[in-house]
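# Coordinates in review
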Amino acid sequence: MAAPALAVLLVFSAFARGVYALSPAKIQTGSPKLIAWAVTEALCEGISLGQGDDWKTKYGVLMPEALDHKNEQLTRFDKYKSKYMGRYNSVDQSKTDMSYADFGALVTAQEYSFKNGDVLTGTVIQYDGPQKAMIEVGAKTAAVLPLREATIKPLVDGETIANFVDVGEQYEFQIVSDSRDDGQVTVSIKKIMYAKAWEILETRYAEDPVFEAEIVQVNRGGAIVLVEGLRAFLPGSHIMGTAGATDAMIGKSIPLKFLEVNQQANKLVVSNRRAVIEHSMASIRRGAVYDGVVTAVKPYGAFVEIMGMSGLLHISQISYDRVENLENSLTCGMAIKCMVIDHDKAAGRIALSTKTLESEPGDMLRDPEHVFALAEETAAKYHARVEAEKLAREQAAKEMVLGLGDSLEPLDEADPALDLGSQ
């Protein structure tokens, strides 16, 4: 009989310790399950009645206070907290730089949210397939960098996110979407490159240089070229040579100058004509012979590209003989030699001639290759003949003036009529 009595006594003693360990407020709001749970903990730990206050300080983390008053059960969070969080460690705060209260204030003041347009530094932690990468930026979860936001340049078939960012490397990113419920944000490198490209172009616009850019697209109004990764418009009226842009120009790099750079209006306009006129035209000389390529044949003549510029070889300047069928003499892509007979630097126009290179009238129609082979020699004879004709004209004009002078009477002989008039 002694054993059952002892067991009852121990249970009652443990119950008394658990009740003493709970504050009155907790007893009032607690449930029988909570009290029984506290008694069991007290029994296991062997707490004495005189340690009530110390017990609450040391083991307070194990005493959940948040209850679901609807069914008087422990909340899910408090169940995990009591099971895994452990006990408080005793810390001498006099030996620390800040108190718990100060640390809590710093945590509260820390801003973890992100807004569109924020620029920050992040680290690429992994690729999530070929189309995106995960970036550590200090948010609740890793940020996402889509492939379309990884570069300012047009994407080529087969390119993946690994072509533009490396795992473990740090880059600057711009937030392009707000945090979702899970704290994940979308970031972009393209936006930062875009802003830097405009800064570079505004600086270059002030310097007004000649630069080359590739034509990537043509349309009815002109062409699209890439300048520092940005799409610039090249009007058809500012393309030297043919009347507008053609598909054959796609992929070619041509000299350009800026017409307008306006980031606010998102306008970037360039000119090929201005670049050619202000720079290449300075090297063009009248009477010089240049190698060229026929780029277009029209009823009135042919357009020939020389030194990156386009000149007009009018049908009347092809041969001294009459040209019946121009396409029988010149074709697109044909390499020729021609002489510059005139140019207008302000308008960017160049007039060309091949008949000045003919040894005999009609050579250009019968045997153009023979004309091109002797072009420099024939041009020299042409200039000598032109110079001789010029001297002959000057001499004839001089003789005419001298002849008129000989027919006049000397002015020092007195004219009686003038004397009578003066009287």
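The rules behind these values
Residues numbered from 1 in each chain as written. Predicted model: local features only at pLDDT ≥ 70, side-chain atom pairs only at ≥ 80, totals over all residues. Heavy atoms only, no water. pLDDT = per-residue confidence, 0-100. Helix = DSSP H or I, 4+ residues; strand = E, 2+ residues; numbered from the N terminus. Contact = heavy atoms within 4.5 Å. Pairing = 2+ DSSP bridges. Axes fitted to C-alpha atoms, helices over the stretch in contact; angles between N-to-C directions. Phe/Tyr/Trp six-rings, centres within 6.5 Å; stacked < 30°, edge-to-face > 60°. Buried < 20%, exposed > 50% of the residue type's maximum accessible area, 1.4 Å probe, protein only. Lys NZ or Arg CZ within 6 Å of the ring centre and 35° of its normal. Salt bridge = Lys/Arg side-chain N within 4 Å of Asp/Glu carboxyl O.

The share of residues in the protein with pLDDT of 70 or more is 70%, and the mean pLDDT across the chain is 77. Mean pLDDT across the elements of the protein ranges from a minimum in helix α2 (residues 24–29), with 44, to a maximum in strand β12 (residues 267–271), with 93. Under a pLDDT of 50 for its full length, residues 6–12 has, in the predicted model, 0 contacts with residues more than four places off or in other chains. This stretch, residues 14–31, has a pLDDT under 50; its non-local contacts, to residues over four places away or in other chains, come to 27 contacts.

Bringing the pairing of strand β17 (residues 349–353) into the picture now. Direction of pairing for strand β15 (residues 309–314) relative to β17: parallel, over a ladder of 2 bridges. Considered in β17, the bridge of Leu312 is made with Ala351. In the sheet, strand β16 (residues 335–344) pairs with β17 via 5 bridges, with the strands oriented antiparallel. Looking across to β17, one finds that Val340 is bridged to Leu352.

The next point concerns the sheet that holds β15. Within the closed barrel, the 5 strands sit side by side as β13-β14-β15-β17-β16. Their pairing is mixed. Neighbour-to-neighbour, the strand axes of this sheet turn through a mean angle of 50 degrees, independent of strand direction.

This part covers the packing of aromatic side chains. Evaluation of the coordinates by the stated rule reveals 5 aromatic pairs. Judged by centre distance (6.2 Å) and plane angle (70 degrees), the rings of Tyr171 and Phe173 are edge-to-face. Classification of Tyr171 as partly exposed rests on a relative accessible area of 22%. Taking 6.3 Å as the distance between ring centres and 90 degrees as the angle between the ring planes, the aromatic pair formed by Tyr300 and Phe303 counts as edge-to-face. Overall, the relative accessible area of 40% leaves Tyr300 in the partly exposed class. Residue class for Phe303 comes out buried when judged on its relative accessible area of 14%. In this structure an aromatic cluster arises from ring pairing among Tyr205, Phe211 and Phe258. For Arg204, the ring lying beneath its charged end belongs to Phe211, and the centroid distance is 4.9 Å.

As enumerated under the stated definition, the model contains 11 salt bridges in all. The shortest N-O distance in the salt bridge between Asp128 and Lys132 comes to 3.6 Å. For Asp128, a relative accessible area of 36% translates into the label partly exposed. Taking the relative accessible area as the measure of exposure, Lys132 reaches 32% and is therefore partly exposed. The closest approach of N and O atoms between Asp363 and Arg366, which form a salt bridge, is 2.8 Å. Within this pair, Asp363 and its partner Arg366 are both found in helix α9 (residues 363–366), separated by 3 residues, close to a single helical turn. According to the relative accessible area criterion, Arg366 is exposed, its value standing at 55%. Among the charged side chains, a network of salt bridges with common partners joins Asp208, Lys257 and Arg274.

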